[in-house]
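Remarks on the overall topology
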Amino acid sequence: QVQLVESGGGLVEAGGTLNLSCVASGGAFSTYVMAWFRQAPGKERERLAQIAWDGENYDYADFVKGRFTISRDNAKNTVYLRMNNLKSEDSAIYYCAAQTRASTWRGTFDYWGQGTQVSVSS
């Protein structure tokens, strides 16, 4: 089965930058739409960004547009999220997710990582 493992979370000061990585194994990574989500305590999970298999089509949530950048390296089975100008409200658990070609029609994500904690201090 497909496994996703996030890394790169930690504590960062407001205004700083953090880079997250998600490594996939056990599947056809190069055919997946990949996405980053986050969930803070007491809030619903939010979709932050997604990127198509070829890295040419992508989408961002309005509230992170201009600050966050998603990218992927299919040779390394890895998707990245670069987060600039972090704010305290960005503190959350960050998850990566994979969508198979079959699920593209439904818009659902099939595989999820366990998450990495991002904490932004003021």
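Just above sits the structure.
This text gives an overview of the structure that appears in the document. (Residues numbered from 1 in each chain as written. Predicted model: local features only at pLDDT ≥ 70, side-chain atom pairs only at ≥ 80, totals over all residues. Heavy atoms only, no water.)

1. Description of the overall build of the protein
Scanning the protein from terminus to terminus reveals 0 helices and 11 strands. Listing the helices and strands of the protein from first to last along the sequence gives β-β-β-β-β-β-β-β-β-β-β. Since a compact globule built from 122 residues should have a radius of gyration of about 14 Å, the 14 Å found for the protein is in line with a globular shape. Taken along its principal axes, the extent of the C-alpha atoms in the protein is 40 × 30 × 25 Å. (Helix = DSSP H or I, 4+ residues; strand = E, 2+ residues; numbered from the N terminus. Rg over C-alpha atoms; globule rule 2.2 N^0.38 Å.)

2. Section: the sheet that holds strand β7 (residues 68-73)
Spatially, β1-β3-β8-β7 is the arrangement adopted by the 4 strands of the open sheet, whose pairing is antiparallel. Of all strands in the sheet, those with a lone pairing partner are β1 (3-7) and β7, marking the two edges. Strand-to-strand twist across the sheet, computed as the mean angle between neighbouring axes with direction ignored, equals 15°. With 5 bridges joining them, β1 and strand β3 (residues 18-25) adopt antiparallel strand pairing. By the bridge assignment for β3, S7 is matched with S21. (Pairing = 2+ DSSP bridges. Axes fitted to C-alpha atoms, helices over the stretch in contact; angles between N-to-C directions.)

3. Points about the pattern of salt bridges
In the structure shown here, the tally under the stated rule is 5 salt bridges. Linking D90 and R38 is a salt bridge whose minimum nitrogen-to-oxygen distance equals 2.8 Å. Here the residue D90 occupies a position in the loop between β8 (78-83) and β9 (92-99), and R38 occupies one in strand β4 (residues 33-39), the gap between them amounting to 52 residues. Through salt bridges that share partners, R38, E46, R67 and D90 make up one connected network. (Salt bridge = Lys/Arg side-chain N within 4 Å of Asp/Glu carboxyl O.)

4. A look at unusual backbone geometry
Non-glycine residue N77 carries a positive phi angle of around 50°. Position of N77 among the secondary structure elements: in the loop between β7 and β8. N77 gets classed as partly exposed once you look at its relative accessible area, which sits at 28%. The backbone phi angle of N85 is positive, close to 50°, even though this residue is not glycine. Topologically, N85 is positioned in the loop between β8 and β9. N85 gets classed as partly exposed once you look at its relative accessible area, which sits at 43%. (Buried < 20%, exposed > 50% of the residue type's maximum accessible area, 1.4 Å probe, protein only.)

5. Remarks on the environment of L11
Looking at the secondary structure, you find L11 in strand β2 (residues 10-13). On a C-alpha basis, the gap between L11 and S121 in space is 7.2 Å, while along the polypeptide they are 110 residues apart. Setting aside residues no more than four positions away along its own chain, L11 makes contact with S119 and S121. (Contact = heavy atoms within 4.5 Å.)

6. Topic: the side chain of Q99
Looking at the element boundaries, Q99 is found in strand β9. The exposure class assigned to Q99 is buried, which follows from its relative accessible area of 6%. One polar contact links Q99 to T104, side chain to side chain, over a distance of 3.4 Å. With residues near it in sequence (within four places) discarded, Q99 still touches T31, Y32, V33, T104, G107, T108, F109 and D110. (Polar contact = N/O pair within 3.5 Å; in protein donor to acceptor, adjacent residues only side chain to side chain.)

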